[in-house]
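Residue-level structure breakdown
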Amino acid sequence: MLLPNRCSYASHQRIHQHKSPYTCPECGAICRSVHFQTHVTKNCLNYKRRVGFRCVHCSVVYSDVAVLKSHIQGSHCEIFYKCPICPMALNSAPNMHSHAYTQHPDIKIGEPKIIRKCSMCDTAFTLQTLLYRHFDQHIKKQKVSVFKCPDCSVLYAQKQTYDGPYQVYAWNIEKC
């Protein structure tokens, strides 16, 4: 669990240590009774906190680091196709085939090598697995504390307000 500050962390630790009075790590409410667990789980949703990973480019938050890596590679990284004959690299396979046809007409050219460029530092990789491993140095800085909706897998940066009669906790069910 990733808590927003040291005070929240200390309050959360008191819950585990069963030290009264309890302070809610979310809202700061103080309670001595057994109803504190209901408050923390239903009203402030402290136990619904999760670690999320924010995309540095578009700020979308994912609960799984592998999904974030796939998103960054698929949506934000540039791919180039390197000519096997000369140093030219182009941004699409058809452009590479056109280059090969016009610049190297008498040479049979194999498949171009794919080069992936990291969108966060411009380092180039020929293997996708190396690019994914490289992402780790950038992604570790992108951890954020989020709330997971109790009814689905949607993540929220903050608790949303829900005024419906069927929920005692604060969520906007329409977004689910």
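Here, the structure is the one placed above.
Structural notes, computed from the coordinates. (Residues numbered from 1 in each chain as written. Predicted model: local features only at pLDDT ≥ 70, side-chain atom pairs only at ≥ 80, totals over all residues. Heavy atoms only, no water.)

1. Description of the pattern of salt bridges
By the definition in use, this model includes 3 salt bridges. A salt bridge links Lys-117 to Glu-78, with the shortest nitrogen-to-oxygen separation between them at 2.9 Å. Linking Lys-117 in strand S7 (residues 113–117) with Glu-78 in strand S5 (residues 78–82), this pair joins segments that are 39 residues apart in sequence. Looking at Lys-117, the relative accessible area reads 21%, which means it is partly exposed. Classification of Glu-78 as partly exposed rests on a relative accessible area of 40%. Its salt-bridge partner being Asp-122, residue Lys-117 comes within 3.9 Å of it at the nearest N-O pair. Given the relative accessible area of 53%, Asp-122 is considered exposed. It is possible to trace a salt-bridge network through shared partners that takes in Glu-78, Lys-117 and Asp-122. (Salt bridge = Lys/Arg side-chain N within 4 Å of Asp/Glu carboxyl O. Helix = DSSP H or I, 4+ residues; strand = E, 2+ residues; numbered from the N terminus. Buried < 20%, exposed > 50% of the residue type's maximum accessible area, 1.4 Å probe, protein only.)

2. What about the nonpolar core?
Counting residues in hydrophobic clusters, the biggest one holds 11 residues: Phe-53, Cys-55, Tyr-62, Leu-68, Ile-72, Cys-77, Cys-118, Phe-125, Leu-131, Phe-135 and Ile-139. Looking at this core, the elements that each hand over two or more residues are helix H3 (65–75) and helix H5 (128–139). It is H5 that contributes the most residues to this core, 3 residues altogether. What Ile-139 contacts, discounting residues up to four positions off in sequence, is Phe-53, Val-65, Leu-68, Lys-69 and Ile-72. Core analysis: the next-biggest nonpolar cluster, separate from the first, contains 6 residues, Tyr-22, Cys-31, Phe-36 and Val-40 among them. (Core = buried A, V, L, I, M, F, W, Y, C linked by side-chain atoms within 4.5 Å. Contact = heavy atoms within 4.5 Å.)

3. Topic: helix H1 (residues 6–17)
The terminal C-alpha atoms of H1 lie 16 Å apart, and with 12 residues this matches the ideal 16 Å at 1.5 Å per residue to within 8%. Taken together, the buried positions of H1 are Ser-8, Ser-11, His-12 and Ile-15. Along the axis of H1, the buried positions cluster into a sector of 100°, meaning they face one direction only. Facing away from the buried side of H1, by more than 90 degrees, are the exposed residues Arg-6 and Cys-7. Directly beyond the C-terminal end of H1, a positive phi value near 55° is found at His-18. (Expected span 1.5 Å × (residues − 1). Arc of directions from axis to C-beta.)

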